[in-house]
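Chain and residue survey
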Amino acid sequence: MTLKRKNGIENVSKGGSSIAKIVGSNVRSSNRFDPMVNMWVYEEMIDGKKLSEIINTDHENVKYLPGHKLPKNVVAVPDVTEAVTGAKLLVFVTPHQFISSLCDQIKPHIADGAIGISLIKGINEGQDQLQLISDIIRKKLKIEVSVLMGANIASEVADEKFCETTIGSTNEANGVIFKELLQTPNFRITVVQESDTVELCGALKNIVALGAGFCDGLGFGDNTKAAVIRLGLMEMVAFAKLFCKGQVSSDTFLESCGVADLITTCYGGRNRKVAEAFVKTSKSIAELEAEMLNGQKLQGPQTSAEIYKILRKKKIVNKFPLFASIYEICFEGKEVKKFITCLQNHPEHL
Ligand SMILES: NC(=O)c1ccc[n+]([C@@H]2O[C@H](COP(=O)([O-])OP(=O)(O)OC[C@H]3O[C@@H](n4cnc5c(N)ncnc54)[C@H](O)[C@@H]3O)[C@@H](O)[C@H]2O)c1
């Protein structure tokens, strides 16, 4: 098999930069991929200099991943259409609210036979059903899209600390290509075919992480947080069974994209951190996002709002008390100290 392919990378964010570090190093040591990696940069000025120019001179994303050198074959490109032109492999790592308009911009420039993989965690409420981010990319660009989700906090991936991750790919051959592009000894990949389940895990765990943050802010202990994680996982499984188009097997929840990502996010992620601060200050989620995250975006609140809309439309809000309560606290002024009641009254089975 010859796999000379030019690689285009979406968006030089924290997640984007840490995955670009891996891709840059892997393609350099393989003769199956084009050695140059285009990395799209949403341009920002840093101390009077363009971020893309800093990256191409110093080989470091000083805003989103400071302290980590990127391989020199990773080239920051501020024009998204130029970044994807000619690329056969596209890696999408951008906050989910921008994906639709980005796809519109790059659509005329997508190469024949290009395939993609999305690392984006979030969902969109479709016309009358759930729309995954990978569905938006597939629909707009008419390409095959795999997903990668797992317990992969970007700074730890960049530090090359061992972690596992999951690729969901209904096309086995594409899954193998992306595994080859992305796996390292410290970034261990399992490929499964249930792409939609993998992607939903990545989106839904961010809602549960808000609940974990409320727990921390309210001073509850580790036992309570474990209950949030368990009940949150139950709701994730129930939601996936109701809304995924294909098969949903319990085994997928035992992969890194499932229980492992849920645990790491409920202890270490940004959603947990902001939710804890939400309890301890009188500030809104939007204010805290701006103050605490240095330009990074929160996904949990927006995902909870999308899920809530879907549950309400299907008249099944009461079957998902944890998801519903988190949404109501974030957006409808429900008192956060009432969060405990959704745990106390949670049904034993969903
Ligand atoms: N950070 C992680 O640990 C991690 C790991 C794996 C996957 N992901 C996923 O990757 C996605 C991106 O997360 P992230 O942490 O890399 O980024 P982020 O959520 O921290 O957002 C910052 C990025 O958004 C970009 N941005 C800001 N305004 C923009 C605009 N108007 N248009 C386009 N881009 C704009 C910035 O340039 C920056 O690259 C998310 O879905 C996330 O869940 C993140």
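Everything discussed here concerns the structure shown above.
Residues numbered from 1 in each chain as written. Predicted model: local features only at pLDDT ≥ 70, side-chain atom pairs only at ≥ 80, totals over all residues. Heavy atoms only, no water.

Each helix and strand counted, the chain has 16 helices and 12 strands in total. Here the C-alpha atoms of the chain give a radius of gyration of 20 Å, agreeing with the 20 Å that 2.2 N^0.38 yields for 350 residues. Per-residue burial over the chain gives 58% buried out of 350 residues. A separation threshold of at least 6 residues defines the contact pool for the chain, and within that pool the share at least 24 residues apart is 74%. As displayed, the chain has an accessible area near 15,000 Å², and 49% of this comes from carbon and sulfur atoms. Of note, the chain has its 42 positive side-chain charges centred 1 Å away from the centre of its 40 negative side-chain charges. (Helix = DSSP H or I, 4+ residues; strand = E, 2+ residues; numbered from the N terminus. Rg over C-alpha atoms; globule rule 2.2 N^0.38 Å. Buried < 20%, exposed > 50% of the residue type's maximum accessible area, 1.4 Å probe, protein only. Contact = heavy atoms within 4.5 Å. Areas by Shrake-Rupley, 256 points an atom, 1.4 Å probe, with all protein chains shown as cover. Lys, Arg positive; Asp, Glu negative; His and termini not counted. Charge placed at Lys NZ, Arg CZ, Asp CG, Glu CD.)

To continue, consider the packing of helix H9 (residues 222-243) against helix H11 (residues 256-268). Direction vectors running N to C along H9 and H11 enclose 140°, while the axes themselves pass 11 Å from each other. As judged from the angle between their axes, H9 and H11 are oblique. Once H9 is placed against H11, the crossing between them reads as right-handed. Of H11, the residues touching H9 (which contributes Asp-222, Lys-225, Ile-229, Leu-233 and Met-236) are Val-259, Leu-262, Cys-266 and Tyr-267. For the contact of H9 with H11, the class distribution of residues is 7 nonpolar, no polar and 2 charged. (Axes fitted to C-alpha atoms, helices over the stretch in contact; angles between N-to-C directions. Parallel < 35°, antiparallel > 145°, perpendicular 65-115°, else oblique. Left-handed = near helix turned anticlockwise from the far one by under 90°. Nonpolar A, V, L, I, M, F, W, Y, C, P; charged D, E, K, R; others polar.)

A separate point is the pattern of salt bridges. This model, assessed by the stated rule, comprises 21 salt bridges. Salt-bridge contacts for Asp-135 lead to Arg-138; the nearest nitrogen and oxygen are separated by 3.0 Å. A residue pair is termed a helical-turn pair when its members lie 3 or 4 positions apart in one helix, as Asp-135 and Arg-138 do in helix H5 (residues 133-141) at 3 residues. The class of Asp-135 is buried, set by a relative accessible area of 15%. Classification of Arg-138 as partly exposed rests on a relative accessible area of 24%. Connected through shared salt-bridge partners, Asp-216, Lys-225, Arg-272, Glu-276 and Lys-280 make up one network. (Salt bridge = Lys/Arg side-chain N within 4 Å of Asp/Glu carboxyl O.)

Even without glycine at this site, Asp-47 takes up a positive phi of about 45°. Along the polypeptide, Asp-47 turns up in the loop between strand S3 (45-46) and strand S4 (49-50). Relative accessible area serves as the criterion here: at 80%, Asp-47 is assigned to the exposed category. At His-59, a residue that is not glycine, the phi angle is positive and equals roughly 55°.

This paragraph deals with the environment of Asn-186. Take Asn-186: it is sitting in the loop between helix H7 (172-182) and strand S12 (187-192). Linking Asn-186 and Cys-163, residues 23 residues apart in sequence, is a C-alpha distance of 6.0 Å. Excluding residues within four positions of it along the chain, Asn-186 makes contact with Glu-160, Lys-161, Phe-162 and Cys-163.

Judged by nonpolar contacts, the single largest core of 57 residues is most densely connected at Leu-200, Phe-214, Phe-239, Phe-323 and Phe-339. Looking at this core, the element that brings in the most residues is helix H8 (residues 195-217), giving 12 residues. Once you skip the residues sitting within four places of it in the chain, Phe-339 turns out to touch Gly-211, Phe-214, Cys-215, Leu-218, Val-228, Leu-322, Ser-325, Ile-326 and Ile-329. (Core = buried A, V, L, I, M, F, W, Y, C linked by side-chain atoms within 4.5 Å.)

If a probe the size of a water molecule is rolled over the atoms, the empty space left behind becomes visible. Its volume calculated, the largest pocket comes out at about 1,000 Å³. Lining the largest pocket are 46 residues; nearest its centre among them are Lys-14, Gly-15, Arg-270, Gln-296 and Gln-299. When contributions to the lining of the largest pocket are tallied by element, the ones reaching two or more residues are helix H1 (14-28), strand S10 (144-149), helix H6 (154-158), H8, H11 and helix H12 (270-280). Within the lining of the largest pocket, the residues separate by chemical class into 20 nonpolar, 18 polar and 8 charged. Residue composition of the lining of the second largest pocket, grouped by class: 6 nonpolar, 5 polar and 4 charged. (1 Å grid on protein atoms, 1.4 Å probe; cavity = no way out; pocket = protein on both sides within 12 Å on 5 of 7 lines; lining within 4 Å. Points joined across faces, edges and corners; volume = space filled by probe spheres on them.)

Because side chains alternate across strand S7 (residues 115-118), one face comprises the buried residues Ile-115 and Ile-117, and the other comprises Gly-116 and Ser-118, equally buried. Where strand S6 (residues 89-92) meets S7, 4 bridges bridge the pair, whose relative direction is parallel. By the bridge assignment, Phe-92 is partnered in S7 with Ser-118. For the crossover that starts at S6, traverses helix H4 (residues 99-106) and ends in the parallel S7, the hand is right-handed. (Pairing = 2+ DSSP bridges. Right-handed = clockwise from strand over helix to strand, strands pointing away.)

Here we take up the environment of Leu-254. Tracing the sequence through the fold places Leu-254 in the loop between helix H10 (250-253) and H11. Assessed through its relative accessible area of 66%, Leu-254 is described here as exposed. The sequence separation of Leu-254 and Gly-217 amounts to 37 residues, and the corresponding C-alpha distance is 28 Å.

None of the figures reported here should be taken as evidence of function without further support.
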